[in-house]
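Breakdown of the fold
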Amino acid sequence: MPVQAPFYDALGERNGEVDLPDAIFAETPNVPVMHQAYLRQLANARQGTASTKTRATVRGGGAKPYRQKGTGRARHGSTREPSMKGGANVFGPRPRDYSHKMPKQMRRLALRSALSQKAVEEKIRVIENYVFDEPKTSQAVELMAAIGFDGTALVVLPAPNYTVSRSFENLAGATIVLARNLNVRDLFSHTYLLYTQGRYTFKVLATASKTEIKHALEEQYESQGIQVKDINTVTMRGKQRRAWRRTGARNIGKTSDWKKAIVTLGEGQKIEGLFGSV
């Protein structure tokens, strides 16, 4: 039986169920991998800039404070000793790198596991689209109430949308995140997940124009009567490729740039077999 989630229109009225792709939401949750990915994200968020001064770096203390013998006090050679007020720190923190490495397959497994767990708990909601003409927090509040959120919600957008982001950002119980930035920590810290169904993301040629993408999609899904309403393209820059040697890491080039097309379909249309904004 396919995994399903409640489907809502742009006004928050429920319109049945929508099938979620098994490749993403039917994964058996792997708790150890999710835990490792969560700790990795927390560790990678640390700046690691905490620093204290040792006797070699603290200022002052060059002269002996008083003579060695005859004072009745303990012998000291510097006012910057760790035992003195204003002195150095012995085992204080030093700048360090807290980041953890994790294979790409494990990171993807952790994300699929977290999404599948949300599906098992029935905490996923799918909305057709947003119809905010201008940024209005009141409209976002009404939409959240119509859908029936009784906890925090993670609103996933397929592409940057100023109007929607400004409408939700003042709500304490809602967080906006792009689909490409979806992560385990946000999934764990929010009760519900709100996806957009009316948009689809495709990887296209870097030289393809919006007109060419529109004609290609309508021709490919002609049997379903698909009509493309709008297309936004984002050029994704290639990543640096690094090689590790005994002397350390060095750059050996970069991967090719590629283009991502965010496609909005006509009113009430959807592509069978695909799930929007994933």
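Details of the structure are given in the entry above.
The model shown is predicted, which means the values in this text are computed figures rather than measured ones. (Residues numbered from 1 in each chain as written. Predicted model: local features only at pLDDT ≥ 70, side-chain atom pairs only at ≥ 80, totals over all residues. Heavy atoms only, no water.)

So, the side chain of K260
For K260, the position within the fold is in strand β11 (residues 258–265). Buried K260, no salt bridge; nearest opposite-charge side chain is D257, N-O distance 14 Å. Setting aside residues no more than four positions away along its own chain, K260 makes contact with R180, T201, F202, N232, T233, V234 and M236. (Helix = DSSP H or I, 4+ residues; strand = E, 2+ residues; numbered from the N terminus. Buried < 20%, exposed > 50% of the residue type's maximum accessible area, 1.4 Å probe, protein only. Lys, Arg positive; Asp, Glu negative; His and termini not counted. Salt bridge = Lys/Arg side-chain N within 4 Å of Asp/Glu carboxyl O. Contact = heavy atoms within 4.5 Å.)

Considering the pattern of salt bridges
Inspection of the entire model under this criterion finds five salt bridges. The salt bridge partner of K254 is D257, with a shortest N-O separation of 3.4 Å. Overall, the relative accessible area of 33% leaves D257 in the partly exposed class.

Regarding empty space enclosed by the protein
Taken as a whole, this structure holds one cavity of 30 Å³ or more when the rule is applied. Of the volumes computed, that of the largest cavity is approximately 50 Å³. In this structure, the largest cavity is lined by N129, Y130, L157, P158, N161, V164, T196 and R199. (1 Å grid on protein atoms, 1.4 Å probe; cavity = no way out; pocket = protein on both sides within 12 Å on 5 of 7 lines; lining within 4 Å. Points joined across faces, edges and corners; volume = space filled by probe spheres on them.)

Notes on the packing of helix α2 (residues 31–44) against helix α3 (residues 104–120)
Pairs of packed helices are described in terms of their axes, by the angle between the two and the distance that separates them. For the pair α2 and α3, the least separation of the axes is 8 Å and the interaxial angle reads 110 degrees. Taken together, the axes of α2 and α3 lie roughly perpendicular to each other. Contact residues: α2 offers V33, M34, Q36, A37 and R40, while α3 offers M106, R107, L109, A110, S113 and A114. The class makeup of the residues in the contact of α2 with α3 is seven nonpolar, two polar and two charged. (Axes fitted to C-alpha atoms, helices over the stretch in contact; angles between N-to-C directions. Parallel < 35°, antiparallel > 145°, perpendicular 65-115°, else oblique. Nonpolar A, V, L, I, M, F, W, Y, C, P; charged D, E, K, R; others polar.)

Comments concerning α3
The terminal C-alpha atoms of α3 lie 24 Å apart, and with 17 residues this matches the ideal 24 Å at 1.5 Å per residue to within 8%. Every buried residue of α3 is listed here: L109, A110, S113, A114, L115, S116, K118 and A119. Against α1 (22–25), α2, β3 (124–127), α6 (184–189) and β6 (192–196) lie the buried residues of α3. Positive backbone phi, at 60 degrees, marks E122, one or two positions downstream of α3. (Expected span 1.5 Å × (residues − 1).)

So, the sheet that holds strand β5 (residues 174–178)
Taken in spatial order, the six strands of this open sheet run β2-β1-β3-β6-β4-β5, and their pairing is mixed. A strand with exactly one partner marks an edge of an open sheet, and here the two such strands are β2 (14–19) and β5. Averaged over all neighbouring strand pairs, the angle between strand axes comes to 30 degrees, with direction disregarded. Note that strand β1 (residues 4–8) and β2 share four bridges and pair antiparallel. Paired with Y8 across the bridge in β2 is R14. Contacting β1, β3, β4 (153–157), β5 and β6, helix α4 (residues 137–147) crosses the sheet at an angle of about 125 degrees to β3. (Pairing = 2+ DSSP bridges.)

Re the environment of A146
Along the chain, A146 falls in helix α4. Distance in space between the C-alpha atoms of A146 and Q41 is 33 Å, their sequence separation being 105 residues. Beyond its immediate stretch of four places on either side in the chain, A146 contacts L11 and G12.

Some details on the environment of E169
Secondary-structure assignment places E169 in the loop between α5 (162–168) and β5. On the basis of relative accessibility, which here comes to 44%, the residue E169 falls in the partly exposed class. Side chain to side chain, E169 and R166 meet in a polar contact 2.6 Å long. (Polar contact = N/O pair within 3.5 Å; in protein donor to acceptor, adjacent residues only side chain to side chain.)

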